[in-house]
Amino acid sequence: MLDRIFEFSKQYNMFPKDCSVICGLSGGADSVCLLLSLMELKEKLGISEISALHVNHCLRGDESDRDEQYCRNLCGKFGIEFKAVKCDVKEYSEKLRISTEESARILRYGIFSENSQGKIIATAHNANDNLETVIHNLSRGTALKGLCGIPPVRDNIVRPLLTVSREEIENFLKIRNISFVTDSTNLSDDYTRNKIRHNVLPLLEQINNSLIKTSSRTFEVLRLENSFIEEETKKAELQCRNDDCFKGLEKFHKAVRQRCIAEFLSEKNLPYDYKRLEMIDFILINGGKLNISGELYFISDKNKLEFKKISKNKTADEISVPLNTGRNSIFKGIFLDAVILKSEDLKIHCNVNRKFTNYYLDYDKIIGTMILRNRRNGDKIRLVGRNFTSSVKKLINEKIEPDERPFLHFIDDDYGTVFAEKIGIADRVKPDKNTVNILEITVCAD
């Protein structure tokens, strides 16, 4: 196992000569194995010094403090410099209205960054973690990058154990008679990753008892092929891109064209998906204009593709603003609250009846940027359960009192209206059994 860790580290140039390495130490088997492996390979890898950093997420009370103390004692036993940093994941999660899992990840890597300037930080992701990540990405939809798994190196973060299985890690510690702590949350199926670990992987191992080993090889091949596309993408950008314009990009392979566009949109902090990239690529080859978000467009004459802002003429009574997470207001004394929830945490039956003031949309089905606005002439919506598009004016006249009509809220994405207050939501954004993130919309008066 140590030989494999050494070869993998060398393959990705993880440890420059005489570097200082900080080991992310949780106290679990993986991180304890990582610390011991680095200690045993220190001279061979050319590492000058090793220290350990523990992040206490303060989520499990006494158990969290127990883990911190274990790490402190372990480092004391081996003479390793140790530092522990506490963070309040629960408070951060509630403030940003995101899951505790995501909050913990953001805070943890923020602490890693703050404490590793000029040093290498090593984390203990292993081969099992890598496969779980790929299955998770695949279940939600992903491209080649997502199928490559966890990157062995990213900035100053390295992951030497990516080809080592969890079984090998536990055997390594057993031979050395080294104990470790177990995070109780890893034993339940409350988190998606745990469901994959406890239910999906055992089934796949019944098909292939060498699943972890063969998947590691597969990820190596995918990373190699992805690196080739990335190199070609860089060449295409150098040749074709000039600020917000691409010229000659149509001569490259479609995979390279779409990777260029995806990186461009990421740079602009604009969301995209498979369908959006297909549409942009279509106008790149065939010419045309495509709205990306608000007043932002891609325009192509088949010779060049330009990203432009085109202002729209609006009448004085039109109100239109970006929808923010949290409280929004476009009418005096009336508020629209938008909250993003995890479907697995929401024990409700989604109801879009107009009598209810709460509405639930599948957040991941939203295309592009959400805009909150008032009513427009010609508004249309295809409501849940209907196979036809309805005139909003007709629905309003049938169901809503005249004095309420000027103060109705509408939400659009790049493909049209997804929410009409007191009428309902669009069928294309309704939650279903595959929903992961839910957008809850609540309208209330002051």
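These lines cover the structure that appears in this document, whether it is placed above or below.

Criteria and cut-off values
Residues numbered from 1 in each chain as written. Predicted model: local features only at pLDDT ≥ 70, side-chain atom pairs only at ≥ 80, totals over all residues. Heavy atoms only, no water. Helix = DSSP H or I, 4+ residues; strand = E, 2+ residues; numbered from the N terminus. Buried < 20%, exposed > 50% of the residue type's maximum accessible area, 1.4 Å probe, protein only. Contact = heavy atoms within 4.5 Å. Lys, Arg positive; Asp, Glu negative; His and termini not counted. Charge placed at Lys NZ, Arg CZ, Asp CG, Glu CD. Salt bridge = Lys/Arg side-chain N within 4 Å of Asp/Glu carboxyl O. Pairing = 2+ DSSP bridges. Axes fitted to C-alpha atoms, helices over the stretch in contact; angles between N-to-C directions. Patch = residues over 30% accessible without salt bridge, like charges linked within 9 Å, V, L, I, M, F, W, Y side chains within 5 Å. Areas by Shrake-Rupley, 256 points an atom, 1.4 Å probe, with all protein chains shown as cover. Core = buried A, V, L, I, M, F, W, Y, C linked by side-chain atoms within 4.5 Å.

1. So, the overall build of the protein
Counting secondary structure elements, the protein contains 13 helices and 22 strands. With 446 residues in all, the protein has 46% of them scored as buried. Taking as baseline every contact in the protein between residues at least 6 positions apart, the subset at least 24 positions apart corresponds to 66%. Side-chain charges in the protein split into 69 positive and 66 negative, and the spacing between the mean points of these groups amounts to 4 Å.

2. Some details on the pattern of salt bridges
Evaluation of the coordinates by the stated rule reveals 33 salt bridges. Across the pair K308 and E306 runs a salt bridge whose closest N-O atoms are separated by 4.0 Å. Connected through salt bridges with shared partners, the residues R60, E63, R66 and D67 form a single ionic network.

3. Quick look at the pairing of strand 19 (residues 410–413)
Every second residue of strand 19 is oriented toward a common face, with F410 and D412 on one face and I411 and D413 on the other, all of them buried. The pairing of strand 16 (residues 371–373) with strand 19 spans 3 bridges and is antiparallel. Each bridged residue has a counterpart across the sheet, and for L372 the counterpart in strand 19 is I411. Here 4 bridges tie strand 19 to strand 20 (residues 416–420), and the two strands are oriented antiparallel to one another.

4. Observations regarding the sheet that holds strand 13 (residues 326–331)
Reading across the sheet, the 4 strands line up as 13-14-22-15 and stay open at both edges, with antiparallel pairing between neighbours. Where the open sheet ends on each side, the last strands, each with one partner, are strand 13 and strand 15 (358–362). Strand-to-strand twist of the sheet, defined as the mean angle between neighbouring strand axes without regard to direction, takes the value 25 degrees.

5. Some details on a nonpolar patch on the surface
A cluster of nonpolar side chains, contributed by V200, L204 and I207, occupies part of the molecular surface with about 260 Å² of accessible area. One can find V200 in helix 9 (residues 192–207).

6. Focus: the nonpolar core
A general tendency of soluble globular proteins is for nonpolar side chains to be buried together. If you look at the biggest cluster of nonpolar residues, it comprises 41 residues, and the most contacted ones within it are F15, V21, V32, L35, L38, I47 and L173. Counting only elements with at least two residues in this core, the list comes to helix 1 (2–11), strand 1 (19–24), helix 2 (29–45), strand 2 (47–56), helix 3 (62–78), strand 4 (120–122) and helix 8 (166–175). Per element, the largest residue contribution to this core is 9 residues, and it comes from helix 2. Those residues in contact with L173, other than ones at most four positions away along the chain, are A29, V32, C33, L36, I178 and F180. Residues I330, I334, L383 and F410 belong to the second largest nonpolar core, which totals 30 residues.

7. Looking at the sheet that holds strand 7 (residues 241–242)
Taken together, the 5 strands give an open sheet; going across it, the order is 7-8-11-10-9, and neighbouring strands pair in antiparallel fashion. Here the strands that pair on one side only, and so sit at the sheet edges, are strand 7 and strand 9 (288–293). Of the strand pairs in this sheet, strand 9 and strand 10 (residues 296–300) are connected by 5 bridges, and their pairing is antiparallel. Within strand 10, the position partnered with K289 by the bridge is I299.

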